[in-house]
Amino acid sequence: MPTVPLWVLFSSGCAPVLLIAGWLIAASLEGAGYDPVSQTISVLAAHGAAGFWVMTGALFALGVCHLLTAWGLRTAAVAGRVALAGGGVAAVVVALIPAPSSGGSLRHGSVAVVGFVLLAVWPVLAADGSGAAPWALRPAPSFVATAVMVVGAVWFLVELQREGAAGVAERVVTAVQSVWPFVAVASCLRHCRGGDRTPT
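Everything numeric in this text was worked out from a predicted model, so none of it was measured.

Conventions adopted
Residues numbered from 1 in each chain as written. Predicted model: local features only at pLDDT ≥ 70, side-chain atom pairs only at ≥ 80, totals over all residues. Heavy atoms only, no water. Helix = DSSP H or I, 4+ residues; strand = E, 2+ residues; numbered from the N terminus. Rg over C-alpha atoms; globule rule 2.2 N^0.38 Å. Buried < 20%, exposed > 50% of the residue type's maximum accessible area, 1.4 Å probe, protein only. Contact = heavy atoms within 4.5 Å. Areas by Shrake-Rupley, 256 points an atom, 1.4 Å probe, with all protein chains shown as cover. Lys, Arg positive; Asp, Glu negative; His and termini not counted. Charge placed at Lys NZ, Arg CZ, Asp CG, Glu CD. Patch = residues over 30% accessible without salt bridge, like charges linked within 9 Å, V, L, I, M, F, W, Y side chains within 5 Å. Salt bridge = Lys/Arg side-chain N within 4 Å of Asp/Glu carboxyl O. Expected span 1.5 Å × (residues − 1). Axes fitted to C-alpha atoms, helices over the stretch in contact; angles between N-to-C directions. Parallel < 35°, antiparallel > 145°, perpendicular 65-115°, else oblique. Left-handed = near helix turned anticlockwise from the far one by under 90°. Nonpolar A, V, L, I, M, F, W, Y, C, P; charged D, E, K, R; others polar. Core = buried A, V, L, I, M, F, W, Y, C linked by side-chain atoms within 4.5 Å. 1 Å grid on protein atoms, 1.4 Å probe; cavity = no way out; pocket = protein on both sides within 12 Å on 5 of 7 lines; lining within 4 Å. Points joined across faces, edges and corners; volume = space filled by probe spheres on them.

Visitor: Describe the overall build of the protein chain, and please don't skip the residues or the numbers.
Guide: Of the regular secondary structure elements, the protein chain holds 7 helices and 0 strands. Going from N to C terminus, the protein chain has its helices and strands arranged as α-α-α-α-α-α-α. Computed over the C-alpha atoms, the radius of gyration of the protein chain is 17 Å, within 12% of the 16 Å expected from 2.2 N^0.38 for a compact globule of 200 residues. Its C-alpha atoms give the protein chain principal-axis dimensions of roughly 60 × 30 × 25 Å. Residue burial in the protein chain is summarised as follows: out of 200 residues, 48% are buried. Long-range pairs, those at least 24 residues apart, make up 70% of the contacts in the protein chain between residues at least 6 apart in sequence. Of the roughly 9,500 Å² of accessible surface on the protein chain, a fraction of 73% belongs to carbon and sulfur atoms. For the protein chain, the distance from the average site of its 9 positive side-chain charges to the average site of its 7 negative ones is 16 Å.

This is the structure in structure tokens:
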């Protein structure tokens, strides 16, 4: 089984830290006019927002982290690595084409949807059906991870339509999507050391 380089733990671990720090700092720069419960992360990265460069930089860095993790996560199936890399590219493109200061943007929204989908399905696509796979790359945990992300995305869409807690829903699902690559990498490294092998 291919080994996973130790540096992938750093790239995957930085992803949720950068994303969450980005939205916290950008929201604090925006001040009381921004409501994190109902407003999305894209509002923080919109043209004219006080924290525009912070959130844009965080999204760009998130995408680079996913690309590096996909490159180094050699234990995962190729289809899953490609989907994770595609999610990284989508994050970079979202950073490069921010939402307008008011109203929607078809280009921005379309890329964001593609990114959501790719980051939701990559765990299932990365799964290894053999009994020797690391825990996070086994079919059952991979399916659960994808199911949680899909449910989170549906929740976000529902909140967006009803003008409810869209900001909370988006933060939950994006946080889960940014953490799972780290879980997968940590599982692979632990497996390589013999820490999660099922006793026979």
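Visitor: Could you give an account of a nonpolar patch on the surface, with specific residues and numbers?
Guide: On the surface, a nonpolar cluster with roughly 700 Å² of combined accessible area is contributed by Val37, Val124, Phe143, Val144, Val148, Trp155, Val168, Val172 and Val176. Listed by contribution, the elements that provide at least two residues to the nonpolar patch are helix H6 (139–161) and helix H7 (166–192). Ranked by residue count, the leading element in the nonpolar patch is H6, at 4 residues. Among the secondary structure elements, Val168 is positioned in helix H7. When its relative accessible area of 32% is taken as the criterion, Val168 is described as partly exposed.

Visitor: Can you explain the pattern of salt bridges? Please cite residues and give values.
Guide: Across all of its chains, the model carries 1 salt bridge by this definition. The shortest N-O distance in the salt bridge between Arg162 and Glu159 comes to 2.8 Å. By relative accessible area, which is 56% here, Arg162 ends up exposed. The class for Glu159 is buried, based on a relative accessible area of 10%.

Visitor: Give me helix H3 (residues 52–72): which residues, what numbers.
Guide: For H3, with 21 residues, the first-to-last C-alpha span of 30 Å sits near the 30 Å given by 1.5 Å per residue. Turning to H3, its buried residues are Phe52, Met55, Thr56, Ala58, Leu59, Leu62, Gly63, Cys65, His66, Thr69, Ala70 and Gly72. In this structure, the buried residues of H3 make contact with helix H1 (7–30), helix H2 (41–44), helix H4 (78–96), helix H5 (106–126) and H7.

Visitor: Pulling in residues and values, what's your account of the packing of H5 against H7?
Guide: Remark: H5 packs on H7, axes separated minimally by 10 Å, with the N-to-C direction vectors making an angle of 40°. Viewed along their axes, H5 and H7 adopt a mutual orientation that is oblique. Considering how the two elements wind past one another, H5 and H7 form a crossing that is left-handed. On H7, the residues that touch Phe116, Leu119, Ala120, Trp122 and Pro123 of H5 are Glu170, Val173, Thr174, Gln177, Trp180, Pro181 and Ala184. Looking at the contact of H5 with H7, its residues break down into 9 nonpolar, 2 polar and 1 charged.

Visitor: Help me get a handle on the nonpolar core, residues and values and all.
Guide: Among the nonpolar cores identified, the biggest contains 22 residues, and Leu19, Trp23, Leu44, Met55, Leu59, Leu62 and Val111 are the most heavily contacted of them. With 6 residues, H1 is the single largest residue contributor to this core. If near-sequence neighbours (up to four positions away) are discounted, Leu59 is found in contact with Leu19, Ala45, Ala91, Val92, Val94 and Ala95. Val8, Ala70, Ala184 and Leu189 belong to the second-largest nonpolar core, a separate cluster that totals 21 residues.

Visitor: Please set out the layout of surface pockets residue by residue, giving values where relevant.
Guide: Here the largest pocket is characterised by a volume of approximately 1,000 Å³. Lining the largest pocket we find 46 residues, and of these Ser42, Ala112, Phe116, Phe156 and Glu170 sit closest to its centre. Secondary structure elements with two or more residues in the lining of the largest pocket: H2, H3, H4, H5, H6 and H7. Looking at the lining of the largest pocket residue by residue, the classes come out as 26 nonpolar, 19 polar and 1 charged.

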